[in-house]
Amino acid sequence: MHSSRRLWCLALSCCVLAAATVSSCTVPAPVRNEKQTARDAYAGGYEKGRAVRESSGKGASIAEVVWGGCTRRALDAGPPAEADRGAWVGGCLDGVSERAEDPPDGPVTVRTREKGLLPEFLEWLGDEDDRALATHVSAITVVELGTPGLDFDVELTTDYRPSAADRFDAEEMSAEFVEWWDGDDGDGKAQNLVVRGSHGEKIAARRL
């Protein structure tokens, strides 16, 4: 074998060996399962509920359970609550009520796009300026939280960005939506309206 060919084969062998070494040293990123995500959300809510109970006393459970305090706290609870808001709220309700921890075995939050609500909302808007605001909305989603009282939130998917001007418009548009929402929540209880931006971020929120 010519020396140049031997050198080429040696180089190829080194490359193959290096690639195999790198491959064997590469550890795949752990896959986070839905059950653990829900349990982490529940634990965060439970901790918050216990803290509220300890700081505000027994009366806190009435405000958190009956008046939807836990559902509102979930909107500002960060990534764990965003991952499974229903599980977080469930944990908060158990914690503030001093119940034993009972983490879920899987996802709690159920999201359903309600295709019929958006046309009804647009039809209700009479003013041309209000209609222009509503054109930023592409979907309305009901977010069931899995609570004993069948609490749910309503989310608006929009093309808004987190700028001051867009936040102002989102607040104005959400005020119109709350006025349109007649309070007839069916079997459950609507708690909050959340306006989501173009990348899913929370742009505005208010009670329903």
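Please refer to the structure placed before this passage.
So, here's what we can say about the structure. (Residues numbered from 1 in each chain as written. Predicted model: local features only at pLDDT ≥ 70, side-chain atom pairs only at ≥ 80, totals over all residues. Heavy atoms only, no water.)

### Some words on the pattern of salt bridges
Side-chain pairs of opposite charge can arise where the charged atoms are in close proximity. Across all of its chains, the model carries eleven salt bridges by this definition. Put simply, Glu98 and Arg53 hold a salt bridge, and the shortest N to O gap is 3.2 Å. With a gap of 45 residues between them, Glu98 in the loop between helix 6 (85-96) and strand 1 (110-113) and Arg53 in helix 2 (residues 34-56) connect regions that are remote in the sequence. Taking the relative accessible area as the measure of exposure, Arg53 reaches 14% and is therefore buried. With its nearest N and O atoms 3.0 Å apart, the salt bridge here joins Arg196 to Glu82. Residue Arg196 is located in strand 4 (residues 189-196), and its partner Glu82 is located in helix 5 (residues 79-83); the two are separated by 114 residues in the primary sequence. Taking relative accessible area as the criterion, Arg196 reaches 8% and is therefore assigned buried. (Salt bridge = Lys/Arg side-chain N within 4 Å of Asp/Glu carboxyl O. Helix = DSSP H or I, 4+ residues; strand = E, 2+ residues; numbered from the N terminus. Buried < 20%, exposed > 50% of the residue type's maximum accessible area, 1.4 Å probe, protein only.)

### Quick notes on the nonpolar core
Counting 23 residues, the largest nonpolar core has Ile140, Leu156, Met173, Phe177, Trp181 and Val195 as the members making the most contacts within it. For this core, the secondary structure elements donating two or more residues are helix 7 (117-124), helix 8 (128-134), strand 2 (137-144), strand 3 (151-158), helix 9 (164-180), strand 4 and strand 5 (202-207). It is helix 9 that provides the largest number of residues to this core, a total of four residues. Dropping the residues within four chain positions of it, Met173 is found in contact with Phe121, Leu133, Ala134, Val137, Leu156, Thr158, Tyr160 and Val195. The next biggest cluster of nonpolar side chains, apart from the first, holds 14 residues, and it includes Tyr46, Ala74, Ala87 and Leu145. (Core = buried A, V, L, I, M, F, W, Y, C linked by side-chain atoms within 4.5 Å. Contact = heavy atoms within 4.5 Å.)

### As for the packing of aromatic side chains
Counted by the stated rule, this structure contains eight aromatic pairs. The interplanar angle of 15° and the centroid separation of 6.5 Å between the aromatic rings of Phe121 and Trp124 together place this pair among those described as stacked. Taken as a pair, Phe121 and Trp124 lie in helix 7 at a separation of three residues, close to a single helical turn. The buried category is assigned to Phe121, whose relative accessible area is 1%. (Phe/Tyr/Trp six-rings, centres within 6.5 Å; stacked < 30°, edge-to-face > 60°.)

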